[in-house]
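If you want the building blocks of each chain, they are given just below.
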Amino acid sequence: MKTKEQLLHQAVIMFIENGYDNTSINDITSACNITKGAFYHHFKNKDDVFIQAIQVIIEEIKIWTDKKISSSDNIKELIQNSFDYSGYFSYSKYYDNVNSDTYLVLIDSIKKFPEFKTKVADYIYGGIPLIEEKFREAQQNGEVKKDIDPHFLALQIAVLVEGLMFACAVTGTEASLIMNGKKIAQNIWTMIKN
């Protein structure tokens, strides 16, 4: 792993575990056994590495979820995939379980750098157009009820997915996230199918 990648990887882990305020440049460089000079060769300051770390976190989650959603063959599978986080923790380079630290670091990022509000919102709502499209197709094929607004269904799914992640991060474990996600997906499917 190159020096910048090593520093950024360690920064992501430390910011998730300790937050922005409790992570120093010294902490990051010591964990990597790299000098401060090498750090400053790649990053301007702590804010710079923090911004890049948050971008890494958001991008990793977005790539994984986009791949799962876009590979869905139909609306039922898309709903199931939207709530299925069973493979994420083995996929991730940074997480081994769901916890509130991820949300706290995202809130830190929005408080310190308001431009991240847009990036986080894009991540949360980015799948809505695809869900709408798949739902409209399913309505045309007679698979689901025609009296449901595709946009609001897609919005509900996006909000429920994020709400489930938050609730499990604060109160649960990976197992509760997976179990509750399957139940929510099944419940949504039961409500919308013809």
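Remember, it's a predicted structure, so these values are computed and weren't measured experimentally.

## Focus on the packing of helix H1 (residues 3–18) against helix H4 (residues 46–70)
Geometry of a packed helix pair, given as the angle between the helix axes and the separation of the axes. Where H1 contacts H4, the axes come no closer than 9 Å and their chain directions differ by 80°. By the angle between their axes, H1 is roughly perpendicular relative to H4. Where H1 abuts H4, its residues Lys4, Leu8, Ala11, Val12, Phe15 and Ile16 lie against Lys46, Val49, Phe50, Gln52, Ala53, Val56 and Ile57. Broken down by class, the residue content of the contact of H1 with H4 amounts to ten nonpolar, one polar and two charged.

## Examining the pattern of salt bridges
Counted according to the given criterion, the structure contains four salt bridges. Notably, a salt bridge pairs Asp66 with Lys62, separated by 2.7 Å at the nearest N-O pair. Of the two residues, Asp66 and Lys62 are both situated in helix H4; the distance of four residues between them amounts to about one turn of the helix. Asp84 is paired through a salt bridge with Lys68; the nearest N and O atoms lie 3.7 Å apart. On the criterion of sequence distance, the pair formed by Asp84 in the loop between helix H5 (75–82) and helix H6 (88–91) and Lys68 in helix H4 is long-range, its members being 16 residues apart. Lys68 sits in the buried class, given a relative accessible area of 15%.

## A look at the packing of aromatic side chains
Describing an aromatic ring pair means giving the distance of the ring centres and the angle of the ring planes. Here the structure, examined in full by the defined rule, presents nine aromatic pairs. When the ring of Phe39 is compared with that of Tyr40, the centres are 5.3 Å apart and the planes differ by 85°; the resulting orientation is edge-to-face. A relative accessible area of 0% means that Phe39 is categorised as buried. Judged by relative accessible area, which is 42%, Tyr40 ranks as partly exposed. A centroid spacing of 5.4 Å and a plane angle of 40° characterise the contact between Trp64 and Tyr85, whose relative ring orientation is tilted. Of the two residues, Trp64 sits in helix H4 while Tyr85 sits in the loop between H5 and H6, which places them 21 residues apart along the sequence. Judged by its relative accessible area of 9%, Trp64 is buried. Pairwise contacts between aromatic rings join Phe15, Tyr20, Phe50, Phe113 and Phe116 into one cluster.

## So, the environment of Ser109
Topologically, Ser109 is positioned in helix H7 (residues 100–112). When the C-alpha atoms of Ser109 and Asp47 are compared, they prove to be 9.7 Å apart, with 62 residues separating the residues in sequence. Not counting residues up to four positions away in its chain, the partners in contact with Ser109 are Phe50, Ile54, Pro114 and Phe116. One polar contact links the side chain of Ser109 to the main-chain carbonyl oxygen of Leu106, over a distance of 2.6 Å.

## As for the UniProt feature "domain: HTH tetR-type" (unreviewed entry) in the protein
Summarizing the sequence annotation, UniProt attributes the feature "domain: HTH tetR-type" (unreviewed entry) to residues 1–61 in the numbering used throughout. What you have in residues 1–61 is 77% helix and 0% strand, and the ends, taken at the C-alpha atoms, are 21 Å apart.

## Comments concerning the environment of Ser24
Tracing the chain through its elements places Ser24 in the loop between H1 and helix H2 (25–32). Distance from Ser24 to Lys46, taken between C-alpha atoms, is 7.3 Å for residues 22 residues apart in sequence.

## Some points on the nonpolar core
Formed by 59 residues in total, the largest nonpolar core has its most connected members in Phe15 and Ile79. If near-sequence neighbours (up to four positions away) are discounted, Ile79 is found in contact with Ile157, Ala185, Ile188, Trp189 and Ile192.

Rules and cut-offs
- Residues numbered from 1 in each chain as written.
- Predicted model: local features only at pLDDT ≥ 70, side-chain atom pairs only at ≥ 80, totals over all residues.
- Heavy atoms only, no water.
- Axes fitted to C-alpha atoms, helices over the stretch in contact; angles between N-to-C directions.
- Helix = DSSP H or I, 4+ residues; strand = E, 2+ residues; numbered from the N terminus.
- Parallel < 35°, antiparallel > 145°, perpendicular 65-115°, else oblique.
- Contact = heavy atoms within 4.5 Å.
- Nonpolar A, V, L, I, M, F, W, Y, C, P; charged D, E, K, R; others polar.
- Salt bridge = Lys/Arg side-chain N within 4 Å of Asp/Glu carboxyl O.
- Buried < 20%, exposed > 50% of the residue type's maximum accessible area, 1.4 Å probe, protein only.
- Phe/Tyr/Trp six-rings, centres within 6.5 Å; stacked < 30°, edge-to-face > 60°.
- Polar contact = N/O pair within 3.5 Å; in protein donor to acceptor, adjacent residues only side chain to side chain.
- UniProt positions renumbered as here; feature names shortened; annotations may be inferred.
- Core = buried A, V, L, I, M, F, W, Y, C linked by side-chain atoms within 4.5 Å.

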